[in-house]
Every structure is written in C-alpha cells, then in structure tokens.
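Okay, here's what each chain looks like letter by letter:
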Amino acid sequence: MSHDSVIRLIGVRAEPLSVDEVLAAVTAPGAGGIAVFIGTVRDHDHARTVTGLDYSAHPSAEQQLRAVMEKVAADHPVQGLAAVHRVGDLRVGDLAVIAAASGAHRAEAFAACRRLIDDLKANVPIWKHQTFADGGDEWVGAC
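Keep in mind it's a predicted model, so treat the numbers as computed, not measured. (Residues numbered from 1 in each chain as written. Predicted model: local features only at pLDDT ≥ 70, side-chain atom pairs only at ≥ 80, totals over all residues. Heavy atoms only, no water.)

Comments concerning the packing of aromatic side chains
Counted according to the given criterion, the structure contains 0 aromatic pairs. The aromatic ring of Phe132 is capped on one face by Arg48, whose charged end is 3.9 Å from the ring centroid. (Phe/Tyr/Trp six-rings, centres within 6.5 Å; stacked < 30°, edge-to-face > 60°. Lys NZ or Arg CZ within 6 Å of the ring centre and 35° of its normal.)

Written out as structure tokens, the structure is:
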C-alpha cells in the first residue's frame, strides 16, 4: 500500500475538530483495529490554572505533518493515518489535536497512533501560548 493511500487526512485548521471526521478517514474494510488519540485543552499545567491558550503554526506545518505521517506509514503496517491540529484561540475542554491509525490488528494501530502523536508533538512547528489565572503566560514549542 502506498503512503499516499494510507495518509487519509491532514489538517492544521482554525475550525473545531471532529472525531467523526478523523475516524471516518481511517476506517477501512481490512482494519481490525483503530486507535484514536484526542488531545484536549486542560485547566492546569505545572500546578497553575490555565484560563486559555492560543495555537500558532508555521506555514510549513502541514508539510511537516505529512513528512511525519510518511515515516509512520513506512515503519508500521497501517491501513490508514489521519491527524488534525487546531490553531487559534481555544478554551478549556476544546479539542486541540486528533490523531488516528488503523491496522489489521490492534497492536499495529496502537503503535502507529502513539508514534504519530509523539512525532507530531516533537517535529511539527506548532506553538502553544498558555495564559494562566495568576496573570502569567507561557509559550510552549512543539519542536
């Protein structure tokens, strides 16, 4: 299976994310297992109360995400990969990122999904600007 046919959905977008869209993208007749990771905005970080955050992305973010997905597809026997990341202002509870992988078996799907989200966080140029209830703020780089 070519990488292009395995990579089903890539997105860095301001619109709210849809778990259903990501799940539908990786669903396949031969997929016996689908693993989905959903990252949400939490209300705390390092014992500080988070009031909101803003994600910014470099113009190359989708291209870098594709490169990450190509490596995952090359290293794991997956049938489908999908990843979308939100940019802009988000509130506590909002979906920030969704990554999914499908494979013939659950072990393959879990391994590929974990690698996808870990490599996305490490290599895709998306930055988080957190604001805290105490008036402080912090920039966190994805790479």
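A closer look at a nonpolar patch on the surface
There is a patch of nonpolar side chains on the surface, built from Leu23, Ile34, Val36 and Ile38 and spanning about 280 Å² of accessible area. Considering each element in turn, the nonpolar patch owes the most residues, 3 residues, to strand β2 (residues 33-40). By the secondary structure assignment, Val36 is in strand β2. (Patch = residues over 30% accessible without salt bridge, like charges linked within 9 Å, V, L, I, M, F, W, Y side chains within 5 Å. Areas by Shrake-Rupley, 256 points an atom, 1.4 Å probe, with all protein chains shown as cover. Salt bridge = Lys/Arg side-chain N within 4 Å of Asp/Glu carboxyl O. Helix = DSSP H or I, 4+ residues; strand = E, 2+ residues; numbered from the N terminus.)

Here we look at the nonpolar core
Counting residues in each nonpolar core, the largest one holds 31 residues, and the members touching the most others are Tyr55, Leu65, Met69, Leu81, Leu116 and Val124. Going through the elements one at a time, β1 (7-13), β4 (48-57), α3 (61-75), β5 (78-86), β7 (95-103) and α4 (106-123) are the ones with two or more residues in this core. Contacts of Met69, omitting those with residues within four sequence positions, involve Ile7, Leu9, Ile10, Leu81, Ala82, Ala83 and Leu116. (Core = buried A, V, L, I, M, F, W, Y, C linked by side-chain atoms within 4.5 Å. Buried < 20%, exposed > 50% of the residue type's maximum accessible area, 1.4 Å probe, protein only. Contact = heavy atoms within 4.5 Å.)

A short note on the layout of surface pockets
In this model, the largest pocket occupies a volume close to 350 Å³. As for the largest pocket, its lining consists of 20 residues, of which Thr40, Arg42, Tyr55, Lys121 and Lys128 are closest to the centre. Looking at the lining of the largest pocket, the elements that each hand over two or more residues are β2, β4, β7, α4, β8 (126-132) and β9 (137-141). In terms of residue count, the dominant contributor to the lining of the largest pocket is β8 (4 residues). For the lining of the largest pocket, the class distribution of residues is 12 nonpolar, 5 polar and 3 charged. (1 Å grid on protein atoms, 1.4 Å probe; cavity = no way out; pocket = protein on both sides within 12 Å on 5 of 7 lines; lining within 4 Å. Points joined across faces, edges and corners; volume = space filled by probe spheres on them. Nonpolar A, V, L, I, M, F, W, Y, C, P; charged D, E, K, R; others polar.)

Quick word on α3
Counted at 1.5 Å a residue, the expected span for α3 with its 15 residues is 21 Å, and the 21 Å between its end C-alpha atoms agrees. The set of residues buried in α3 consists of Ala61, Leu65, Val68, Met69, Val72 and Ala73. Down the axis of α3, the smallest arc covering the buried residues is 135 degrees, so these residues share one side. Exposed residues pointing more than 90 degrees away from the buried face of α3 are listed as Gln63 and Lys71. Those residues of α3 hidden inside the fold are in contact with α1 (3-6), β1, β4, β5, α4 and β8. (Expected span 1.5 Å × (residues − 1). Arc of directions from axis to C-beta.)

What to know about the pattern of salt bridges
Taken as a whole and assessed by the stated rule, the structure comprises 6 salt bridges. The salt bridge involving Arg115 is made with Asp119; its shortest N-O contact spans 2.6 Å. Taken together, the positions of Arg115 and Asp119, both in helix α4 and 4 residues apart, correspond to about one turn of that helix. The structure contains a network of salt bridges with shared partners spanning Asp75, Arg115 and Asp119.

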